[in-house]
Amino acid sequence: MDLAAFNSAERLALVEQITQLDEADLDAQSLCDAWTVREVLAHLVTPYLSPPADVVASAVRRLSFSRAMADKAVEVSRHPLDDQLEALRASATTPFVPPLLGLGAPLTDAVVHGEDIRVPLGIERAVPPEHLRAVLDFGTSWRASPMFIPYRRLTGIRFEATDIGWSTGRGELVEGKAQQVLRAMFGRSSAATGLSGDGVEVLACRFSGP
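Note that this is a predicted model, so its numbers are computed, not measured.

(A) Representation of the environment of leucine 12 within the structure. Turning to its location among the elements, leucine 12 is positioned in helix 1 (residues 3–18). Taking the C-alpha atoms as reference points, leucine 12 and glycine 176, separated by 164 residues in sequence, lie 27 Å from one another.

Right under this line is the structure:
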């Protein structure tokens, strides 16, 4: 799998879609409870518009990397939109790769946060099957925890993406189309439609809890 090419395609597609949004769209609530669409974009380009040392310093102050990233997204969202879009274009060819996580991390960020932006705005995009498979593999690997998904939230669940022949795990079943399985797996259960299996409710409860 050419993860670099997958990442590039996802980010350039997102650039094209964001350029068509108006101010009301940018200020709309995303699938991320803490962020608007504008702030999700800012999160994707934070490594390019805010020195990594600032994020580390903020994480030390807040005693939480997640809270530091949330704060930085709000801060970076105040940058001119053109600067953010240019940074997103740059991330298509020079992705920021967190230590030890590999190229699956920026690809996952692009696909999952792309859904966070598009779904509330009613924008449909069929993510290519090979991109979905790569993100699903990453999401159920040790690399995704704890930055992307706390591992304990996926234990005891079997995921099956019926349209691409992908499955993993043991336990309560969550099955459906890959794009919907991905949304559920990454905590966007309210936007994951058409899924079935006893694990659907289990997963939703886990992500709604502390």
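(B) Here's a closer look at the packing of aromatic side chains. Scanning the entire structure with this criterion turns up one aromatic pair. Between the aromatic rings of phenylalanine 138 and phenylalanine 148, the centroid separation amounts to 5.2 Å while the plane-to-plane angle is 90°, which identifies the pairing as edge-to-face. Highlighted residues: phenylalanine 138 in helix 8 (residues 129–139) and phenylalanine 148 in the loop between helix 8 and strand 1 (157–161), separated in sequence by ten residues. Each member of the pair, phenylalanine 138 as well as phenylalanine 148, carries the same accessibility label: buried.

(C) Up close: the packing of helix 8 against helix 9 (residues 178–185). Remark: helix 8 packs on helix 9, axes separated minimally by 10 Å, with the N-to-C direction vectors making an angle of 30°. Here helix 8 is positioned roughly parallel relative to helix 9, judged by the angle of their axes. Viewed along their axes, helix 8 and helix 9 form a crossing whose handedness is left-handed. Contact residues: helix 8 offers Leu132, Val135, Leu136 and Gly139, while helix 9 offers Ala178, Gln179, Val181, Leu182 and Met185. For the contact of helix 8 with helix 9, the per-class residue count stands at seven nonpolar, two polar and no charged.

(D) Highlighting the sheet that holds strand 1. If you walk across this open sheet you meet the three strands as 2-1-3, and the pairing is mixed. Each end of this open sheet is capped by a strand with a single partner; those strands are strand 2 (166–168) and strand 3 (172–176). Within the sheet, the average angular offset between the axes of one strand and its neighbour, ignoring direction, is 10°. In this sheet, strand 2 lies alongside strand 1 in antiparallel orientation, the contact comprising three bridges. Bridge assignment links glutamate 160 to a residue of strand 2, and that residue is serine 167. Here helix 10 (residues 199–208) sits on the sheet and contacts strand 1 and strand 3; the angle it forms with strand 3, its principal contact strand, is near 100°.

(E) Here's a closer look at the nonpolar core. Counting residues in hydrophobic clusters, the biggest one holds 32 residues, and the most contacted among them are Leu136, Phe148, Phe159, Leu182 and Phe186. Among the secondary structure elements, those contributing two or more residues to this core are helix 7 (104–118), helix 8, strand 1, helix 9 and helix 10. Not counting the four nearest positions on each side in its chain, leucine 136 is found in contact with Ala161, Ile164, Trp166, Ala178, Val181, Leu182 and Met185. Cys32, Ala42, Val76 and Ile117 belong to the second largest nonpolar core, which has 19 residues in total.

(F) Representation of the pattern of salt bridges within the structure. Scanning all chains against the criterion turns up nine salt bridges. Here aspartate 27 makes a salt bridge to arginine 38, at a shortest N to O gap of 3.0 Å. Placement of aspartate 27 in the loop between helix 2 (23–26) and helix 3 (37–49) and of arginine 38 in helix 3 is noted, with a sequence separation of eleven residues between them. Owing to a relative accessible area of 15%, arginine 38 belongs among the buried residues under this scheme. Within this structure, Glu23, Asp27 and Arg38 form a network of salt bridges that share partners.

About the cut-offs
- Residues numbered from 1 in each chain as written.
- Predicted model: local features only at pLDDT ≥ 70, side-chain atom pairs only at ≥ 80, totals over all residues.
- Heavy atoms only, no water.
- Helix = DSSP H or I, 4+ residues; strand = E, 2+ residues; numbered from the N terminus.
- Phe/Tyr/Trp six-rings, centres within 6.5 Å; stacked < 30°, edge-to-face > 60°.
- Buried < 20%, exposed > 50% of the residue type's maximum accessible area, 1.4 Å probe, protein only.
- Axes fitted to C-alpha atoms, helices over the stretch in contact; angles between N-to-C directions.
- Parallel < 35°, antiparallel > 145°, perpendicular 65-115°, else oblique.
- Left-handed = near helix turned anticlockwise from the far one by under 90°.
- Contact = heavy atoms within 4.5 Å.
- Nonpolar A, V, L, I, M, F, W, Y, C, P; charged D, E, K, R; others polar.
- Pairing = 2+ DSSP bridges.
- Core = buried A, V, L, I, M, F, W, Y, C linked by side-chain atoms within 4.5 Å.
- Salt bridge = Lys/Arg side-chain N within 4 Å of Asp/Glu carboxyl O.

Coordinates in, geometry out; function isn't part of it.
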